[in-house]
Amino acid sequence: MKMDFEDYDPPSTLVVPEHVLTRAKYPFIDVHNHQWNMPTQDLNALLKEMDALNMAVMVNLSGRGRGSTEHLERSLENVNKTNPKRLIVFTNMDFAAIDDPEWQGRMLKQLEDDVKKGANGLKIFKTLGMFVNDSKGNRIHIDDPRLDPIWDKCGALGIPVLIHSADPKSFWDPIDKNNERWLELKLHPGRRHDTDKVSWETIIEEQHNMFRKHPKTKFINAHMGWYGSDLKKLGALMDQLPNMYAEIGAVIAELGRQPRAGRDFLIKYQDRVMFGKDSWVPEEYATYFRVLETADDYFPYHKRYHAFWRMYGLALPDEVLKKIYYKNALKVIPHIDASLFPK
């Protein structure tokens, strides 16, 4: 009568109404997606997959691929050739040469040039604050003063900064029976940070400090800033930082396990939260639609190692759904065609 925890996954015997949604109720904007092969991929095939989900606009955050200007230019060329109304591209930035006296000027010019070419925002990967060092081997802080002109320039250009900082707090905690992400960390040991020199709290505080220093720039905090399991704290941050927005990519499991608190939060901050998914796996969007739109009880998440608990629907009001699905993104990300969406 013994088995490994990862083998125990019984189907529920609960008999309740089920509403499996493969298409969103309203056309939506996915503000957090990655299409690494955008310069060469068949974007018409991608559009068909988007149509099946009722995704009107996808934001590809990895516009420069692994850092190449050519990658960005060819991505934009492919988008413009296919359907520029449906596919939005963000640019990226390399911080490794930060202490080169000419680095700041180069990056400011690059940012201006990328926006002129068609980039609609700047995506910052989690490497900043975690792994990127200067030439002396010192970790570059997210709120490093040398970066201030970059964030201010984004505000001046009218583009948002979507930033992913750190990872879930559990990745820094001891990997033991008390860690909710134990199974994920067993299966993916490269995600562990319990021996890192920099703490989760330090990285997150640097991010918040950066938001405070640049009130004229709009920041989209990826993955709800990793506070999806502490909505009281996230709400306090929303109140303190009016230039900070959030998106729900890869954290729908946190909202789905607290249907009352999650619903109350999204209604209260309905003007500040956007739809995001992160990884491009079309069949996984059904979990997001079901959590946001239905009142279903006790249904599984699509990755057991990510969330071994069950989900509940939030049954959000239509007006709140519209804001999360598209209205908030239309306010923050420039040059998206509003005619693609209902009023």
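Residues numbered from 1 in each chain as written. Predicted model: local features only at pLDDT ≥ 70, side-chain atom pairs only at ≥ 80, totals over all residues. Heavy atoms only, no water.

## Observations regarding the side chain of E254
Then step 1. Counting through the fold element by element, E254 comes out in helix α8 (residues 252–256).
Then step 2. On the basis of relative accessible area, E254 is assigned to the buried category, the value being 11%.
Then step 3. A polar contact of 2.9 Å, which involves the side chain of E254, links it to the side chain of R257.
Then step 4. For E254, the residues in contact, after removing those within four places along its chain, are R181, G228, S229 and W309. (Helix = DSSP H or I, 4+ residues; strand = E, 2+ residues; numbered from the N terminus. Buried < 20%, exposed > 50% of the residue type's maximum accessible area, 1.4 Å probe, protein only. Polar contact = N/O pair within 3.5 Å; in protein donor to acceptor, adjacent residues only side chain to side chain. Contact = heavy atoms within 4.5 Å.)

## Things to note about the sheet that holds strand β6 (residues 219–221)
Then step 1. As summarised here, the arrangement of the five strands in space is β4-β5-β6-β7-β8, forming an open sheet in which the pairing is parallel. Of all strands in the sheet, those with a lone pairing partner are β4 (122–124) and β8 (273–274), marking the two edges.
Then step 2. Bridge analysis of strand β7 (residues 244–247) against β8 gives two bridges, and the strand direction is parallel. Directly across from E247, in β8, lies its bridge partner M274.
Then step 3. Helix α6 (residues 200–213) rests against β5 (161–163), β6 and β7 of the sheet, and its axis sits at about 155 degrees to β6. (Pairing = 2+ DSSP bridges. Axes fitted to C-alpha atoms, helices over the stretch in contact; angles between N-to-C directions.)

## What to know about the side chain of T217
Then step 1. Tracing the backbone through its elements, the reader meets T217 in the loop between α6 and β6.
Then step 2. Classification of T217 as buried rests on a relative accessible area of 1%.

## Points about the sheet that holds strand β2 (residues 55–60)
Then step 1. Strand order in the open sheet made by the three strands is β1-β2-β3, with parallel pairing throughout. Single-partner strands in this sheet number two, and they are β1 (28–33) and β3 (87–89). Averaged over all pairs of adjacent strands, the angle between their axes in this sheet comes to 20 degrees, without regard to strand direction.
Then step 2. With respect to the sheet, helix α1 (residues 43–53) is in contact with β1, β2 and β3, its orientation differing from that of β2 by roughly 125 degrees.

## Side note on helix α10 (residues 285–293)
Then step 1. For α10, the buried fraction is high: nine of the nine residues fall into the buried class.
Then step 2. For α10, every residue scored as buried is listed here: Y285, A286, T287, Y288, F289, R290, V291, L292 and E293.

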